[in-house]
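Chains, contacts and geometry: an overview
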Amino acid sequence: MKRKLSILIILISLFFILQKTNAQYTYDSVSFETRTSKIIIDTTGNNIWQIGTPDKVFFDAAHSGEKTILTDSVNSYPLNDTSSFIYVIRNPYTETCFTSMEFWHKYDMDTLTDNGIIEASYDGGNSWVIVNDTSEVSPWGSFFWWDNDYHAMDGNYTAHPLTTTGKSDGWILSRFNWEWWIPVKSDTIIYPLDSLMIKFTFTSDSIETNRDGWMIDDILTASAEWQLCSDITEISDSNNFSAYPNPFSKQTRIEYKRDIANSKIIIYNSTGLKVRQDDNTNGQSTIVSRDNLPSGIYYLVIVQNEKIIGKIKLLIID
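A brief structural summary. (Residues numbered from 1 in each chain as written. Predicted model: local features only at pLDDT ≥ 70, side-chain atom pairs only at ≥ 80, totals over all residues. Heavy atoms only, no water.)

**Details of the nonpolar core**
Counting residues in each nonpolar core, the largest one holds 29 residues, and the members touching the most others are Met-101, Ile-118, Phe-176, Ile-198, Phe-200, Trp-214 and Ile-216. Of all the secondary structure elements, the ones that give two or more residues to this core are β5 (82-89), β6 (98-108), β7 (115-121), β11 (172-179), β12 (196-203) and β13 (213-224). If one sorts the elements of this core by residue count, β12 sits on top with four residues. When neighbours within four sequence positions are excluded, Met-101 is seen to be in contact with Tyr-87, Ile-89, Ser-174, Arg-175, Phe-176, Ile-198, Phe-200, Ile-219, Leu-220 and Thr-221. Counting residues in each nonpolar core, the second largest holds 17 residues, with Ala-243, Phe-248, Val-288 and Ile-302 among its members. (Core = buried A, V, L, I, M, F, W, Y, C linked by side-chain atoms within 4.5 Å. Buried < 20%, exposed > 50% of the residue type's maximum accessible area, 1.4 Å probe, protein only. Helix = DSSP H or I, 4+ residues; strand = E, 2+ residues; numbered from the N terminus. Contact = heavy atoms within 4.5 Å.)

**Observations regarding the environment of Asn-246**
Topologically, Asn-246 is positioned in the loop between β14 (241-244) and β15 (251-268). The sequence separation of Asn-246 and Ile-316 amounts to 70 residues, and the corresponding C-alpha distance is 7.7 Å. A polar side-chain atom of Asn-246 sits 2.9 Å from the main-chain carbonyl oxygen of Lys-313. Among the polar contacts listed, one links the side chain of Asn-246 to the backbone nitrogen of Leu-315, at a separation of 3.0 Å. (Polar contact = N/O pair within 3.5 Å; in protein donor to acceptor, adjacent residues only side chain to side chain.)

**Observations regarding unusual backbone geometry**
For the peptide bond that leads from Tyr-244 to Pro-245, omega is -5°, which places it in the cis range. Topologically, Pro-245 is positioned in the loop between β14 and β15. For the bond from Asn-246 to Pro-247, the omega torsion is 15°, close enough to zero to count as cis. Following the sequence through the fold, Pro-247 ends up in the loop between β14 and β15. You will see that Asp-72, though not glycine, has its phi angle at about 70°, which is positive. Secondary-structure assignment places Asp-72 in the loop between β4 (68-71) and β5. Among the residues examined, Asp-72 registers a relative accessible area of 16% and is labelled buried. A positive phi angle, close to 50°, is found at Asn-262, a residue other than glycine. Assessed through its relative accessible area of 61%, Asn-262 is described here as exposed.

**Quick notes on the environment of Thr-82**
Summarising the element assignment, Thr-82 is placed in strand β5. Here Thr-82 falls in the exposed class, since its relative accessible area comes to 56%. Considered as a pair, Thr-82 and Asn-47 are 35 residues apart in the sequence and their alpha carbons are 7.6 Å apart. If sequence neighbours within four positions are ignored, Thr-82 has contacts with Thr-201, Phe-202 and Thr-203.

**Some thoughts on the pattern of salt bridges**
Tallied over the entire structure, the rule returns seven salt bridges. Between Lys-38 and Asp-28 there is a salt bridge; the shortest N-O distance is 3.6 Å. Residue Lys-38 is found in the loop between β1 (25-30) and β2 (39-41), and its partner Asp-28 is found in strand β1; the two are separated by ten residues along the sequence. Between Asp-60 and Lys-106 there is a salt bridge, with the nearest N and O atoms lying 3.9 Å from each other. With Asp-60 in the loop between β3 (49-52) and β4 and Lys-106 in strand β6, this residue pair connects regions lying 46 residues apart in the sequence. (Salt bridge = Lys/Arg side-chain N within 4 Å of Asp/Glu carboxyl O.)

**Considering the packing of aromatic side chains**
Enumeration over the complete set of coordinates arrives at nine aromatic pairs. On the basis of an interplanar angle of 70° and a centroid distance of 4.8 Å, the ring pair of Trp-49 and Phe-85 is categorised as edge-to-face. Taken together, the positions of Trp-49 in strand β3 and Phe-85 in strand β5 put the pair 36 residues apart, joining distant regions of the chain. The pair formed by Trp-49 and Phe-85 is uniform in burial state, with each residue classed as buried. (Phe/Tyr/Trp six-rings, centres within 6.5 Å; stacked < 30°, edge-to-face > 60°.)

**Let's talk about the sheet that holds β2**
Overall, antiparallel pairing links the five strands, which are arranged β2-β5-β12-β7-β8 in an open sheet. Each edge of the sheet is formed by a strand with only one pairing partner; in this case those strands are β2 and β8 (129-130). Where β5 and β12 come together, eight bridges link them in antiparallel fashion. Bridged to Ile-86 within β12 is Lys-199. (Pairing = 2+ DSSP bridges.)

**Details of the pairing of β12**
The buried fraction of β12 is high, at seven of eight residues. Looking at chain direction, β7 and β12 are connected through seven bridges and run antiparallel. Pairing of Ile-118 across the sheet is with Phe-200, part of β12.

Written out as structure tokens, the structure reads:
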């Protein structure tokens, strides 16, 4: 009986390991219930970020479990403060076709005067850039975009504000993504060569408001492995493909400026998971129907002879 129970436990453990590190994606998460090396809090100054159990009026509980990371677990944030913590993504696959980071957060700040910003470093913390919708020039192109706005109360997902300020309506889910390429530098010494660093910074002015600050929980990262990215190093004729209408609610027409034969159309959702595949696409156009896909951002990839020849960002709306 004990031997059968041990085998069952091993099988269950293998199942969850394979689910977490499958052939396409590696997932990682931090819920702050146990110590982790992924979070760096500079304790040499008066940094008010701490991991603990929230005990305030608005910050009254973690999103899950008992602990979270927040600007002081008991007291209101102080005047003239600038405090940061860093999350290190240990394996973002620097030549990736997809890496994402999501988190839940609540905030209670003096509107427009106290705020939080999010920055990324690709060189081991030597320089930082604001996390903003953008694109990079590279051999195959790269894009950075917000999937869920971290200041989502205004519902504007095309012109993301770059600061968190005011008071949130409870917990908000935020997610941002790198598509096709992350330019992580190879000259860093302190951290592994494949690390990507994300910095959350809170700042306050000289006016006392007795507010709670910023609280973050349940951080999740996902990165595509080489099996999914092996064909992206050579993308041709990408500008010869278009989708109309886009955004769309029911269907869109994908048009090509040349005939394509024996091609595949693959659609990935905003977390990088494959949601649809058509293995027999021919001609100069095809109709893509929404069917049961929920609203959101998707990526359509056109593959011919095991090489990606085009990619289109799609937006499905209700």
